[in-house]
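Okay, here's what each chain looks like letter by letter:
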Amino acid sequence: MSKLRVAVIGAKGRIGSEAVRAVEAAEDMELVAALGRGDGLETLTEAGAQVAVELTHPDAVMDNLEFCVRNGIHGVVGTTGWTDERLAQLRSWLDASPRTGVLIAPNFSIGAVLTMRFAQQAARFFESAEVIELHHPNKADAPSGTAARTAKLIAEARAAADCPPQPDATSSALDGARGADVDGIPVHSVRLRGLLAHQEVLLGGVGETLTIRHDSLHHSSFMPGILLGARRVVATPGLTMGLENFLDLD
Ligand SMILES: NC(=O)c1ccc[n+]([C@@H]2O[C@H](COP(=O)([O-])OP(=O)(O)OC[C@H]3O[C@@H](n4cnc5c(N)ncnc54)[C@H](O)[C@@H]3O)[C@@H](O)[C@H]2O)c1
Ligand SMILES: O=C(O)C1=N[C@H](C(=O)O)CCC1
């Protein structure tokens, strides 16, 4: 059976360099290109890449994806910084290239995906929900893509269950003290040397709290998700939001 032809964009970065090693080690994949900053995207087509794993920077991801989708190269995207406007733009490119698939995974680690799912399931049972994400200080975006997605899922679950707004009597606060508001869910971002990627979801009800915590301790935690995404995206046209769609969780 022929091997899946995979490229990595952002190949010299923290997660990109780990992805290069993971693709090289996968028996069913061939690493056909490893692009760093300044390398021309035409390398992807020249190398015959079927899938591009995009792990760069919020400032670079859109140009890279436009090229990939226009050339029918499937995308597995870990880069963060997604807004509704950016997603709409990506969908319009995909509409014009209906056989191409793009997976955007705010987090490729299985534990983080499960954290999001557990938070979504628990959300309607508690009056209060807040998210704390903790990352290394070289991270470009805040809140993390994972925390933003977690908060959105919690908010959607609460809305679907007709939950009232969260109790919060704060009438005076320093700017930022209550975190960023993501669809009504406060999200707090910590940047600390020594950390990699960590998240706590705090849920509170009368007389009890539930804390769901996940820790990524090494970039290897993201690799099984990236490889799974590459295998599945080639048969999944359009936009897939979240690795959970490839995990058969239900
Ligand atoms: N989804 C996940 O599970 C997950 C996990 C870790 C990191 N991330 C995200 O991945 C992205 C990269 O994270 P990182 O910690 O590896 O950052 P990093 O700064 O270590 O690496 C990014 C690399 O991309 C390169 N780059 C920038 N623009 C480029 C371009 N146009 N073409 C090719 N290469 C380019 C940079 O030179 C750098 O080497 C961030 O958005 C981060 O949030 C996602
Ligand atoms: O190190 C990063 O940067 C990470 N970014 C993702 C996010 O923003 O959620 C996933 C975890 C690591």
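Here the structure is a predicted model, which means the values were calculated and not measured.

### Considering the overall build of the protein chain
Scanning the protein chain for helices and strands turns up 7 helices and 11 strands. The principal-axis extent of the C-alpha atoms belonging to the protein chain is close to 60 × 40 × 30 Å. The burial tally for the protein chain puts 48% of its 250 residues in the buried class. Of the contacts formed within the protein chain by residues at least 6 apart in sequence, a portion of 71% connects residues at least 24 apart. Here the protein chain displays about 12400 Å² of accessible surface, and carbon together with sulfur accounts for 51% of that area.

### So, the environment of Arg213
Here Arg213 lies in strand E10 (residues 208-216). By relative accessible area, which is 42% here, Arg213 ends up partly exposed. Each C-alpha atom of the pair Arg213 and Arg193 lies 19 Å from the other, and the pair is 20 residues apart in sequence. Ignoring any residue separated from it by four or fewer positions in sequence, one finds Arg213 in contact with Leu134, His198, Gln199 and Glu200. Looking at Arg213, its side chain comes within polar contact range of the side chain of Glu200, at 2.8 Å. Within polar-contact distance, the side chain of Arg213 engages the side chain of Asp215 at 2.7 Å.

### A look at the UniProt feature "domain: Dihydrodipicolinate reductase N-terminal" (unreviewed entry) in the protein chain
The UniProt feature table records "domain: Dihydrodipicolinate reductase N-terminal" (unreviewed entry) at residues 5-108. Measuring from the first to the last C-alpha atom of residues 5-108 gives 20 Å, for a span that is 38% helix and 23% strand.

### Focus: the site of ligand 2
Inspection of the region around ligand 2 gives Thr80, Pro106, Asn107, His135, His136, Lys139, Asp141, Ser144, Gly145, Thr146, Ala197 and Phe222 as its neighbouring residues. At a separation of 2.6 Å, an oxygen atom of ligand 2 approaches a polar side-chain atom of Lys139. One of the backbone nitrogen or oxygen atoms of Gly145 is found 2.8 Å away from an oxygen atom of ligand 2. For ligand 2, whose accessible area on its own is 310 Å², the fraction buried by protein is 85%. Class assignment of the residues belonging to the shell around ligand 2 gives a composition of 3 nonpolar, 7 polar and 2 charged.

### Regarding the sheet that holds strand E5 (residues 101-104)
Strand order in the open sheet made by the 6 strands is E2-E1-E3-E4-E5-E11, with parallel pairing throughout. Edge positions in the open sheet fall to strand E2 (29-35) and strand E11 (238-241), since each of these has one partner strand only. Between one strand and the next, the sheet's axes are offset by a mean angle of 20 degrees, whatever the strand orientation. Pairing of strand E3 (residues 51-54) with strand E4 (residues 74-77) involves 4 bridges; the strand directions are parallel. Counted as the bridge partner of Ala52 is Gly75 from E4. Lying over the sheet, helix H3 (residues 61-70) contacts strand E1 (4-9), E3, E4 and E5, oriented at roughly 175 degrees with respect to E3. Contacts from helix H7 (residues 223-233) reach E1, E2, E3, E4 and E5 within the one sheet, and its direction differs from that of E4 by about 155 degrees.

### Observations regarding the nonpolar core
Ranked by size, the top nonpolar core spans 28 residues in total, and within it Met29, Val76, Leu103 and Phe108 carry the most contacts. Looking at this core, the elements that each hand over two or more residues are E1, helix H1 (14-25), E3 and H7. Here this core takes 5 residues from H7, the largest share from any one element. Met29 has contacts with Lys3, Leu4, Val6, Val23, Leu227, Ala230 and Arg231, leaving out every residue within four places of it along the chain. Ranked by size, the runner-up nonpolar core spans 17 residues in total, among them Phe126, Ala129, Ile154 and Val182.

### A look at the site of ligand 1
Taken together, 21 residues are adjacent to ligand 1, and Arg14, Ile15, Thr80, Ala105 and Phe108 come closest. Residue Arg37 places a main-chain N or O atom 3.3 Å away from a nitrogen atom belonging to ligand 1. Within the contact set of ligand 1, an oxygen atom lies 2.8 Å away from a backbone nitrogen or oxygen of Phe108. If ligand 1 stood free it would expose 860 Å²; the protein chains cover 82% of that surface.

### Some words on the packing of H3 against helix H4 (residues 84-95)
Remark: H3 packs on H4, axes separated minimally by 9 Å, with the N-to-C direction vectors making an angle of 15 degrees. What the angle tells us is that H3 and H4 run roughly parallel. The chirality of how H3 crosses H4 is right-handed. In this structure, H3 uses Val61, Met62, Leu65, Glu66 and Val69 to contact H4, whose residues at the interface are Arg86, Gln89, Leu90, Trp93 and Leu94. Across the contact of H3 with H4, the residue classes break down as 7 nonpolar, 1 polar and 2 charged.

So, how was this worked out
- Residues numbered from 1 in each chain as written.
- Chains lettered and ligands numbered in written order.
- Predicted model: local features only at pLDDT ≥ 70, side-chain atom pairs only at ≥ 80, totals over all residues.
- Heavy atoms only, no water.
- Helix = DSSP H or I, 4+ residues; strand = E, 2+ residues; numbered from the N terminus.
- Buried < 20%, exposed > 50% of the residue type's maximum accessible area, 1.4 Å probe, protein only.
- Contact = heavy atoms within 4.5 Å.
- Areas by Shrake-Rupley, 256 points an atom, 1.4 Å probe, with all protein chains shown as cover.
- Polar contact = N/O pair within 3.5 Å; in protein donor to acceptor, adjacent residues only side chain to side chain.
- UniProt positions renumbered as here; feature names shortened; annotations may be inferred.
- Near = heavy atom within 4 Å.
- Nonpolar A, V, L, I, M, F, W, Y, C, P; charged D, E, K, R; others polar.
- Pairing = 2+ DSSP bridges.
- Axes fitted to C-alpha atoms, helices over the stretch in contact; angles between N-to-C directions.
- Core = buried A, V, L, I, M, F, W, Y, C linked by side-chain atoms within 4.5 Å.
- Parallel < 35°, antiparallel > 145°, perpendicular 65-115°, else oblique.
- Left-handed = near helix turned anticlockwise from the far one by under 90°.

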